[in-house]
Amino acid sequence: MCTGKCSKCIGRLLLPLGLCAIIANILLFFPNGEVTDADKITDFVWYFHGILGAGLIVYLPAFLMLGAGGDGCCANRCGMLLSMLLSAMGFFGAVYCMIMSSLGLEQGPLCDTGDGDYVYPFRNQTLEESYLFNQTTWDICKKPKDVVLWNVTLFSILLVIGALEAVLCLIQVLNGLCGCLCGTCKRQRQTDVA
């Protein structure tokens, strides 16, 4: 496969992943689909790791890659160098999303445990007593209803999306390096002039 065609294929995969990451991050602002006060939303949602990290930052290399192939931006060595650099930036955005999602999962949601105060009931748990492996503890959160399931699902989705994007961007970095060093597979047409 040509380096330009490979770039275009990766770009097509990154676009829907970025859109899903943005949607998942926006949904985290509405625990269980309810509108709530800003001070009652889990801290790690405010780092915009799905919107910025796995969304907008990954869109930059994705749009460049979509122009690849043929006479597009990745049909020359300079274009592949730019693609490689932007893909490295996309890789770091995806890794940022993975780290923040992992921390959000580890900390657990901000919720009302029944006394009217919003706290993090699962913070500072060891791996053995983690709420992630013991669903019976999820009932400690009374408001918003099913907030634990909401957060676990969306942070897990963002973690997987970030991992997929990181792998795709890393593949594009290697593809861009190959295109820079070896050249692209753009073929020159030979015409016979009589």
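In this report, the structure presented in the accompanying data block is examined. Positions within a chain are numbered from 1, following the residues in the order the chain's sequence is written. Local features in this predicted model are restricted to residues of pLDDT 70 or higher, and side-chain atom pairs are both shown and tallied only at a pLDDT of 80 or more, whereas totals for entire chains, interfaces and linings draw on every residue. Only hydrogens and water are set aside when side-chain values are computed; all heavy atoms of the structure are taken into account.

## Points about unusual backbone geometry
Of all residues except glycine, most have a negative phi; of all peptide bonds, most are trans. The cut-off we apply is this: The secondary structure listing takes helices from DSSP runs of H or I that are at least 4 residues long and strands from runs of E that are at least 2 residues long, numbered from the N terminus.
With an omega of -20°, the peptide bond running from Lys143 to Pro144 counts as cis. Structurally, Pro144 is set in the loop between strand S2 (118-119) and helix H4 (147-182). A positive phi angle is found at Asn32, which is not glycine, with a value near 55°. Note that Asn32 resides in the loop between helix H1 (3-28) and helix H2 (49-66).

## Examining the side chain of Asn25
Note the threshold: Throughout, exposure labels follow a simple rule: accessible area from a 1.4 Å probe, protein chains only, divided by the maximum for the residue type, with under 20% read as buried, over 50% as exposed, and the rest as partly exposed. As used in this structure description, the phrase polar contact means that two N or O atoms lie within 3.5 Å; if the pair is within protein, one of them must be able to donate a hydrogen and the other to accept it, and residues adjacent in sequence are counted only when both atoms belong to side chains. Working rule for contacts: check all heavy atoms of both residues, and any pair within 4.5 Å makes them a contact.
Following the sequence through the fold, Asn25 ends up in helix H1. A relative accessible area of 0% places Asn25 in the buried class. A polar atom in the side chain of Asn25 sits 3.3 Å from the backbone nitrogen of His49. When near neighbours in sequence (up to four residues on either side) are disregarded, Asn25 contacts Val45, Phe48, His49, Gly50, Ile51 and Leu158.

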